[in-house]
Amino acid sequence: MQNQQSTPKLELRNITKWFGPKDTGVCAVDNCSLAVQKGEFICVVGPSGCGKSTLMTVGAGLEQPTEGEILVDGKPAGPPGPQRSVVFQKFALFPSETVAQNIKFGLQMCGVDAKEQERRLVEQLKIMKLEQFRDAYPSELSGGMQQRVAIARSLVMQPEILLMDEPFGALDAQTRTILQEEVQRLHREHHYTVLFITHSVEEAVYLGDRVIVMSRRPGRIKKEISLPRDVVWKRGDIEVAAEHPDFIAARREIWALVREEIIAQ
Amino acid sequence: MTSNKVAFVGAGATLLWVAIWAWLTREGGPVSELFFPSPGDVLDRLIMFWSRPYIGSTLMGHILSSLSIVLAGWVLGGIVGVPLGIAMAWWTRLKWIVFPIFQLIRPVPPLAWIPLTLLWIGIGDAARIFVVFIAALVPWVMNSMHAVYSVDKLLIDAGRTLGANDRKILTRIVIRSAIPTLLAGARIALGNAWTTLVAAELLAATAGLGYVALNASRMLDTDVLVVAMLLIGLLGVMLSALMGLAARMFAPWVKNDRNGG
């Protein structure tokens with residue numbers, strides 16, 4: 001493991017998760033450990049149903065692990081909260097609230113004063129290019145726009161860790177490409193610490209500083225691959241990046257690992 | 001079909017039905033006026049009834065009597081039913097305490113409460129309010145409970161990761177997201193309340209449209225009987241339309257649900 005000298009921002013230590021009673025239920029995750037350093041972008045890939053989403057739910061504190069512990073800055077993480085912000089695959093926007101109300105939600109829960117709420121809202125609307133949708137309801141927006149709102153709702157909290165659970169899985173290919181580039185840019189400019197779950201190998205190679213490949217169920221960590229960080233090809237569009245020899249090599253290596261697991265199922 | 005077209009077809013169809021009615025009940029037509037009055041007779045009686053009292057009260061008086069009792073029973077049902085339904089969904093233990101009694105009451109038609117109500121409270125307004133309350137309570141509770149159940153668990157997770165405590169999750173996420181279903185429940189409750197009231201007035205009342213209909217039937221006055229039935233129908237439609245309007249007002253985010261994504 002890298003950077004063992006510094007305390008990781010987020011650490012999942014020996015996580016095992018059973019659904020239903022232990023030994024007779026379903027074991028979704030089996031003794032997984034991973035550490036995300038400050039400012040690092042970690043992608044977890046694996047076949048569907050391998051428990052990678054469970055890993056994230058546990059990491060966010062939304063589910064209790066059967067065994068193991070979650071540490072933030074080396075201390076037990078406790079209940080879920082805005083320091084570990086989550087972006088869900090299905091957006092999870094509050095249907096009865098406008099874009100602005102959705103984005104302000106977390107700030108209001110944390111008692112941020114109205115003036116500051118407004119300032120951060122306006123800033124975030126600008127970053128996510130949502131200015132003209134401020135007063136729209138989620139049901140009036142396309143899927144891509146809804147996910148932009150959800151990302152804005154997380155980022156506005158200035159989270160220490162951003163957990164993203166297949167955030168682009170429900171979007172069409174074109175929208176997905178645009179948002180991948182957007183997230184790449186956000187990470188580069190703001191150095192967010194990100195744990196990103198995906199089933200797309202390309203997405204993982206394009207976005208991740210490190211890619212963690214999970215085995216089929218029960219999910220174990222099969223391999224960890226470090227990717228070149230902050231290289232020029234990652235700064236460009238994903239189609240351009242996908243033509244770079246390093247990208248192709250990494251994609252091939254990771255896909256071979258994932259493929260093994262899918263075939264063995 | 002556009003809404004203009006729908007309105008046009010609807011108006012045309014209504015006129016056609018009235019024309020068929022007029023033709024069937026014309027003088028010397030196949031239906032005798034004693035059996036069923038013609039539209040003209042009904043209109044005459046409606047106008048007469050408007051200014052001259054019938055069995056103790058003018059038309060407006062009877063309408064207001066019916067409406068006020070329905071609203072009282074319906075509102076009381078909501079005051080009890082909505083918090084109860086939400087609480088039953090939120091605290092499973094409460095649900096299992098209340099549910100057995102509730103399941104037992106549910107299949108009993110509200111009108112079957114009338115004999116007991118007569119013994120308890122007599123035949124005054126309070127008795128009818130009580131029967132209407134029972135009729136409205138069941139849909140209020142059931143829909144409130146299901147409204148909470150139908151809130152996506154993911155929204156609760158999202159709320160927790162944004163720092164909401166249990167109270168905020170209940171008030172700001174669960175109840176607000178449940179509003180459309182709550183309003184649907186309110187509409188069903190109002191429909192139930194209305195039909196039950198009219199039936200209750202047939203059995204035990206001193207005013208109201210059901211009371212008018214019953215008296216008219218005893219007097220073989222089919223004109224007034226049909227006037228009363230027509231008004232019962234029209235007011236039912238109006239109440240339902242008002243609830244539709246309320247739904248658009250209180251849940252404005254629902255209207256564009258279909259073109260999401």
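Naming follows an unreviewed UniProt entry, where chain B appears as ABC transporter permease of Paracoccus onchidii. Per UniProt, chain B has the following entry under Subcellular location (unreviewed entry): "Cell membrane".

Named according to an unreviewed UniProt entry, chain A is ABC transporter ATP-binding protein originating from Paracoccus onchidii. A UniProt comment under Sequence similarities (unreviewed entry) is attached to chain A, and it reads "Belongs to the ABC transporter superfamily."

Chemist: Before we go on, may I ask you to explain the UniProt feature "transmembrane region" (unreviewed entry) in chain B in this structure?
Modeler: UniProt feature "transmembrane region" (unreviewed entry): in the numbering of this structure it lies at residues 7-24, 69-92, 104-123, 129-149, 169-190, 196-214 and 226-251 of chain B. For residues 226-251 of chain B, the end-to-end C-alpha separation is 37 Å, with 96% helix and 0% strand making up the annotated structure.

Chemist: Looking at this structure, I do not really get the sheet that holds strand 6 (residues 84-87) of chain A. What am I missing?
Modeler: Strand pairing in a sheet is mediated by backbone hydrogen bonds. Such pairs are either parallel or antiparallel. Residues and elements named next belong to chain A. The six strands lie next to each other as 6-7-8-3-9-10, forming an open sheet whose pairing is mixed. Sheet topology places strand 6 and strand 10 (221-226) at the edges, where each strand pairs with a single neighbour. Sheet twist, expressed as the average angle between the axes of neighbouring strands with direction ignored, equals 15°. Bridge count between strand 6 and strand 7 (residues 161-165): four bridges; the pairing is parallel. Directly across from Ser-85, in strand 7, lies its bridge partner Leu-162. Relative to the sheet, helix 1 (residues 52-60) contacts strand 3 (41-45), strand 6, strand 7, strand 8 (194-197) and strand 9 (210-214), its axis offset from that of strand 7 by approximately 150°.

Chemist: Can you walk me through the interface of chain B and chain A in this structure?
Modeler: Accessible area lost during the coming together of the parts is what is often quoted as the interface size. In this complex, chain B contributes 23 residues to the contact, which on the side of chain A involves 29 residues. Its largest share of buried area at the contact with chain A, chain B owes to Thr-161, Leu-162 and Arg-172 of chain B, together 33% of the area lost on that side. For the pair chain B and chain A, the interface holds two salt bridges. Between Arg-172 of chain B and Glu-97 of chain A there is a salt bridge, and its shortest N-O distance comes to 2.6 Å. At the surface where chain B touches chain A, the tally comes to five residue pairs in polar contact (both at pLDDT 80 or more). Elements supplying a minimum of two residues to the side of chain B that touches chain A: helix 7 (153-161) and helix 8 (166-203) of chain B. The element contributing the most residues to the side of chain B that touches chain A is helix 7 of chain B, with seven residues.

Chemist: What am I meant to see in the sheet that holds strand 5 (residues 75-76) of chain A here?
Modeler: Residue and element names in this part refer to chain A. In space, the four strands of this open sheet follow the order 2-1-4-5, with antiparallel pairing throughout. The open sheet is flanked by strand 2 (26-36) and strand 5, the only strands paired with a single partner. As paired elements, strand 1 (residues 10-19) and strand 2 share seven bridges and run antiparallel to each other. Within the sheet, the bridge partner assigned to Glu-11 lies in strand 2 and is Ala-35. Of the strands in this sheet, strand 1, strand 2 and strand 4 (67-72) are in contact with helix 1, which crosses strand 1 at around 120°.

Chemist: Sorry if this is basic, but what is going on with the nonpolar core here?
Modeler: Soluble globular proteins: nonpolar side chains tend toward being buried together. Leu-10, Ile-103, Ile-151 and Ile-254 of chain A together with Trp-74 and Trp-194 of chain B are the most contacted members of the largest nonpolar core, which has 145 residues in total. With 13 residues, helix 8 of chain B is the single largest residue contributor to this core. When neighbours within four sequence positions are excluded, Ile-103 of chain A is seen to be in contact with Leu-121, Leu-125, Leu-130, Val-149, Ala-152, Arg-153 and Val-156 of chain A.

Chemist: It is not clear to me how helix 2 (residues 39-51) of chain B should be interpreted in this structure. Could you clarify?
Modeler: A turn of α-helix holds 3.6 residues, and therefore any two residues three or four places apart point the same way. All names here are of chain B. Taking 1.5 Å as the rise per residue, helix 2 with 13 residues should run 18 Å; its terminal C-alpha atoms sit 19 Å apart, in good agreement. Those residues of helix 2 not exposed but buried are Pro-39, Val-42, Arg-45 and Phe-49. Looking down the long axis of helix 2, one finds its buried residues gathered within 125° of arc, a one-sided arrangement. Summarising the geometry of helix 2, the exposed residues directed more than 90 degrees from the buried face are Asp-44, Ile-47 and Ser-51. In this fold, the buried residues of helix 2 make contact with helix 1 (3-24), helix 3 (59-90), helix 9 (209-218) and helix 10 (222-250).

Chemist: What is the right way to look at the UniProt feature "domain: ABC transporter" (unreviewed entry) in chain A in this model?
Modeler: Feature annotation in UniProt assigns "domain: ABC transporter" (unreviewed entry) to the following positions: residues 10-241 of chain A. Along residues 10-241 of chain A one finds 34% helix and 25% strand; the C-alpha atoms at either end are 29 Å apart.

Chemist: What is the right way to look at the packing of aromatic side chains in this model?
Modeler: Geometry of an aromatic ring pair is reported as the spacing of the ring centres plus the angle between the planes. Residues and elements named next belong to chain A. Scanning all chains against the criterion turns up eleven aromatic pairs over all chains. Between Phe-41 and Phe-196 the ring centres are 5.6 Å apart and the planes differ by 40°, which places this aromatic pair in the tilted class. Here Phe-41, found in strand 3, pairs with Phe-196, found in strand 8; they are 155 residues apart in sequence, far enough to count as distant. Note on Phe-41: relative accessible area 0%, which makes it buried. On the accessibility criterion, Phe-196 (0% relative accessible area) is buried.

Rules used in this analysis
Residues numbered from 1 in each chain as written. Chains lettered and ligands numbered in written order. Predicted model: local features only at pLDDT ≥ 70, side-chain atom pairs only at ≥ 80, totals over all residues. Heavy atoms only, no water. UniProt positions renumbered as here; feature names shortened; annotations may be inferred. Helix = DSSP H or I, 4+ residues; strand = E, 2+ residues; numbered from the N terminus. Pairing = 2+ DSSP bridges. Axes fitted to C-alpha atoms, helices over the stretch in contact; angles between N-to-C directions. Contact = heavy atoms within 4.5 Å. Buried area = accessible area lost by both parts, 1.4 Å probe. Salt bridge = Lys/Arg side-chain N within 4 Å of Asp/Glu carboxyl O. Polar contact = N/O pair within 3.5 Å; in protein donor to acceptor, adjacent residues only side chain to side chain. Core = buried A, V, L, I, M, F, W, Y, C linked by side-chain atoms within 4.5 Å. Buried < 20%, exposed > 50% of the residue type's maximum accessible area, 1.4 Å probe, protein only. Expected span 1.5 Å × (residues − 1). Arc of directions from axis to C-beta. Phe/Tyr/Trp six-rings, centres within 6.5 Å; stacked < 30°, edge-to-face > 60°.

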